[in-house]
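Understanding the architecture of this molecule
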Amino acid sequence: SAATAPSRTKADQVRRPLRPSPGLPHAPRSDAVSVITCLRAPWVLPIAGPPLRDGWVTVARGRVVALGTGRAPDGPGVETRDLGHCVLLPGLINAHTHLELSWLWGKVPPAPSLPAWVSTLMGQRFARGGDDPAPMRQAIIDALEAGTSAVGDVANTAASQQALARSRLHGVVF
């Protein structure tokens, strides 16, 4: 089927170092011994190439440094973690969130049109008088647990900036 990649032979095994992405800040240097983490999964989706069956990804100082199939790197300073039955892929990006409206989850019923729905949403928002930070924090936790690593938060206030700043989720508030 289209979802099943062909099996790889030893001659097909892949090992490729990755170049740092231009424009991304590099992790700070440390004099401490660097631990390299090798993550193993039945499938690795590198996005820039075909899926890797029985793949691995090595991470050093918070950055992916290599990936491949077959025998994973080992030796002193390499900590290997088998992730079990899963697919390993880069973090997802949600480019259009409204974290400040998280408290309205489940409180705005479907409407016959988008303008009618937005009208109901805004009516409830203005009746409340402010945005609650607790649902924003929960929405951030939900996003992280779903594999999201960055958001573009479309906001009308600065309410989500502090919640994002105090979390592991990367974000830009517009």
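Use the structure listed above.
These numbers were taken from a predicted model, which means no experiment stands behind them.

1. Concerning the environment of isoleucine 47
Within the secondary structure, isoleucine 47 is located in the loop between β2 (36-44) and β3 (52-60). The exposure class assigned to isoleucine 47 is exposed, which follows from its relative accessible area of 63%. Here the alpha-carbon distance between isoleucine 47 and leucine 89, two residues 42 residues apart in the chain, equals 7.6 Å.

2. Some details on the sheet that holds strand β8 (residues 148-153)
Sheet strands pair by backbone hydrogen bonding; their relative direction is either parallel or antiparallel. Taken in spatial order, the three strands line up as β7-β8-β9 in an open sheet, and their pairing is parallel. Two strands in the sheet have a free side with no partner beyond their single neighbour: β7 (92-97) and β9 (170-173). Adjacent strand axes in the sheet meet at a mean angle of 10°, parallel and antiparallel pairs treated alike. Where β7 lies against β8, four bridges are found, and the strand directions are parallel.

3. Brief notes about the pattern of salt bridges
By the definition in use, this model includes two salt bridges. Residue aspartate 74 is joined to arginine 71 by a salt bridge in which the shortest nitrogen-to-oxygen separation is 2.9 Å.

What counts, and at which threshold
- Residues numbered from 1 in each chain as written.
- Predicted model: local features only at pLDDT ≥ 70, side-chain atom pairs only at ≥ 80, totals over all residues.
- Heavy atoms only, no water.
- Helix = DSSP H or I, 4+ residues; strand = E, 2+ residues; numbered from the N terminus.
- Buried < 20%, exposed > 50% of the residue type's maximum accessible area, 1.4 Å probe, protein only.
- Pairing = 2+ DSSP bridges.
- Axes fitted to C-alpha atoms, helices over the stretch in contact; angles between N-to-C directions.
- Salt bridge = Lys/Arg side-chain N within 4 Å of Asp/Glu carboxyl O.

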